[in-house]
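# Structural characterization, general
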Amino acid sequence: MEHKMFCFQCEQTAGCRACTANAGVCGKKADTALLQDQLTGALIGLARAAAAHREKASENTDRLLLEGLFSTLTNVNFDNDSLLAQFALVEEEKARLGGQDCADYDMNRLWEADEDIRSLKSLILLGIRGVAAYAYHAAVLGYKSQRVNEFVATALCAVGMDDWGMDQLLPVVMKVGEVNLECMALLDQANTETYGNPEPTRVGMTVEKGPFIVVSGHDLHDLKLLLEQTRDKGVNVYTHGEMLPAHAYPELKKYSHLKGNFGTAWQNQQREFASLPAPILFTTNCLMPPRDTYADRVFTTGVVAWPGTVHIGRDKDFTPVIEKALELGGFAEDRQFTGINGGDSVMTGFAHNAVLSAADKVVAAVKSGAVRHIFLVGGCDGARPSRSYFTDFVKQTPADTLVLTLACGKYRFNDLNLGTIGEFPRIMDMGQCNDAYSAIKVASALAEVFGCSVNDLPLSLVLSWYEQKAVCILLTLLHLGIKNILLGPSLPAFVSPNVLKFLVEQFGIAPTSTPEKDLQTLLG
Ligand code: SF4
Ligand code: SF3
């Protein structure tokens, strides 16, 4: 195969096949893609060394595996120096384990493998990239799982097995879903024990006059530290993208200078940040190549990096971000922004505790027919115009149906006012992508009350995908035996025709078609 780079891990991959030229659609350059492959190959070498010398593996081994995998997720790390530094640390750790004889893996062997093997190994690799992101977030709050960490290493070794066939790889694919469920449960425990259970909360979109900072990504720990460091400094803080659900956690919403949410989903950032008189801190994905109009105001931390932008290191001293906010001064007057449908506020905080504490009312509403059907319309947002499907779908849901949502795909419709059913707003945001765990808990609880399987509930899943966390969540839903999921806006390029056939036959996965047709089928 002739190519400068090979990457097909996200939904916007070139031609729905693979990014193979000088740069990917996301802006990742070929040399960066090759370094990410080199790092991944080294992680497989480290995982082999950890398996061979288990007694010497340590927390440092786990941390390097998780951070390395997280760094290669879409829209996280575009910085060659940072990737090279990680590669050196991985090699050092492998030597410490005594694993000099454990070879790194040449990722070209994967990209050039038989398409079904490549497909299954990609599901494993991309799935554990997502798992690693969630395990990383739990770990920064002090919550770690030996089982999750050991599986990540085992799965990396599986990716490096050149003589494994479908029979050996398929169980590992399904295991990714099982372990991700455990990992999301761990992160849920970490978040709720640290910050309290999310409470339904209305979040404004007005940016008040004066200095402010916009915080993007998924890392609640970074947000908490920033809120502490900006306390009494005359600097307000606004969430962006996947940070929106932070407003619902008691231990975060208590900060009066956590004012509201700015902007919509990640793919609109280059337009929305262009004339922002404030710094933007990226704690995780999704970072797009910063335009010159605002590049000097972008800061990164954790595993996120962009060449030339200021990176806040492990000491988490956000002074440069705060100084930038004070220097820029913010808006001279309060400024009202809106969502993509013109709404001026959004609701969040309908995580499992909030919904299940009113479970009797949900059950009564379903039994009485006040709620005819529940849709889970969630997942990632992205740039493809066909994603307007999700806005149209939600707009067309009948008035006696509820829409649960999560992750950044909600920005397609979360500012709509679709009214209420009893005490419930018709659109309920359960949180970030990892809060798919909340949706699973609610669905399982309802199935128990109704004495049926989740598949027999009046519940349909209409999911949008973009990056690799969506892969591990989808595998978790399959592990739970959930059937007939609609997936859009396009099917993953790394799913080969044979693997797709398996997914369709076993799980009834289908691509989204039109909102009218899909609604008719789901309600029929
Ligand atoms: Fe292409 Fe997506 Fe890979 Fe970027 S992450 S290079 S857009 S497939
Ligand atoms: Fe979004 Fe990037 Fe997937 Fe956490 S921030 S869901 S795309």
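Everything that follows concerns the structure shown earlier in this document.
Numbers given for residues are sequential positions, taken from 1 along each chain in its written order. Chain labels run from A onward and ligand labels from 1 onward, assigned in the order the entries are written. Selection of residues for local features in this predicted model requires a pLDDT of at least 70, selection of side-chain atom pairs for listing and counting requires 80 or more, and totals for whole chains, interfaces and linings are taken over all residues. By convention in this description, side-chain values take in all heavy atoms of the structure and omit both hydrogens and water.

### Let's talk about the site of ligand 1
Operational definition: Any residue with at least one heavy atom within 4 Å of a molecule or strand is counted as near it. Each residue receives one of three labels: charged for Asp, Glu, Lys and Arg, nonpolar for Ala, Val, Leu, Ile, Met, Phe, Trp, Tyr, Cys and Pro, and polar for the others, Gly being one of them.
The immediate surroundings of ligand 1 are formed by 13 residues, with Cys7, Cys10, Cys19, Cys26 and Thr74 found nearest. Here the shell around ligand 1 is composed, by residue class, of seven nonpolar, five polar and one charged.

### Describing the environment of Ala14
Our working definition: Starting at the N terminus, helices and strands are each numbered in turn, a helix being any DSSP run of H or I of at least four residues and a strand any DSSP run of E of at least two. Only protein chains enter the area calculation, which uses a 1.4 Å probe; residues under 20% of their type maximum are buried, those over 50% are exposed, and those in between are partly exposed.
Mapped onto the elements of the fold, Ala14 is located in the segment before α1 (30-52). Its relative accessible area of 31% is what places Ala14 among the partly exposed residues.

### Structural notes on the environment of Leu186
Our working rule: Any two residues whose heavy atoms approach within 4.5 Å are treated as being in contact.
Within the secondary structure layout, Leu186 lies in helix α7 (residues 166-195). Under the relative-accessibility criterion, Leu186 is labelled buried at 14%. In this structure Leu186 touches Ala138, Tyr143, Lys144 and Ser145, once residues within four positions along its chain are discounted.

### With respect to the pattern of salt bridges
Note on pairing: side chains with opposite charge can pair once their charged atoms come close. Inclusion rule: Criterion for a salt bridge: a side-chain nitrogen of Lys or Arg within 4 Å of a carboxyl oxygen of Asp or Glu.
Applying the stated criterion to the full structure yields 25 salt bridges. Where Arg314 meets Glu67, a salt bridge forms, and the shortest distance between an N and an O atom there is 3.0 Å. Of this pair, Arg314 sits in the loop between β8 (310-312) and α11 (319-328) while Glu67 sits in helix α2 (residues 59-71), and the two are 247 residues apart along the sequence. Using a relative accessible area of 63% as the deciding quantity, one classes Arg314 as exposed. Owing to a relative accessible area of 9%, Glu67 belongs among the buried residues under this scheme. Residues Lys324 and Glu327 are paired through a salt bridge, measuring 3.6 Å at the closest nitrogen-oxygen approach. Within this pair, Lys324 and its partner Glu327 are both found in helix α11, separated by three residues, close to a single helical turn.

### As for the packing of aromatic side chains
For clarity, the threshold we go by: Aromatic contacts are taken between Phe, Tyr and Trp rings whose centres are within 6.5 Å, Trp giving its six-membered ring; a plane angle under 30 degrees counts as stacked, one over 60 as edge-to-face, and the others as tilted.
This structure, assessed with the given rule, holds 20 aromatic pairs. Between Phe8 and Trp111, the aromatic rings sit 5.9 Å apart at their centres with planes inclined by 80°, giving edge-to-face as the arrangement. A residue pair is termed long-range when its members are at least 10 positions apart, and Phe8 in the segment before α1 and Trp111 in helix α4 (residues 107-111) qualify at 103 residues. By the burial criterion, Phe8 is buried, and Trp111 matches it. Through pairs of rings, three or more aromatic residues link up here, namely Phe212, Tyr238, Phe262, Phe273, Phe282, Tyr294, Phe331 and Phe337.

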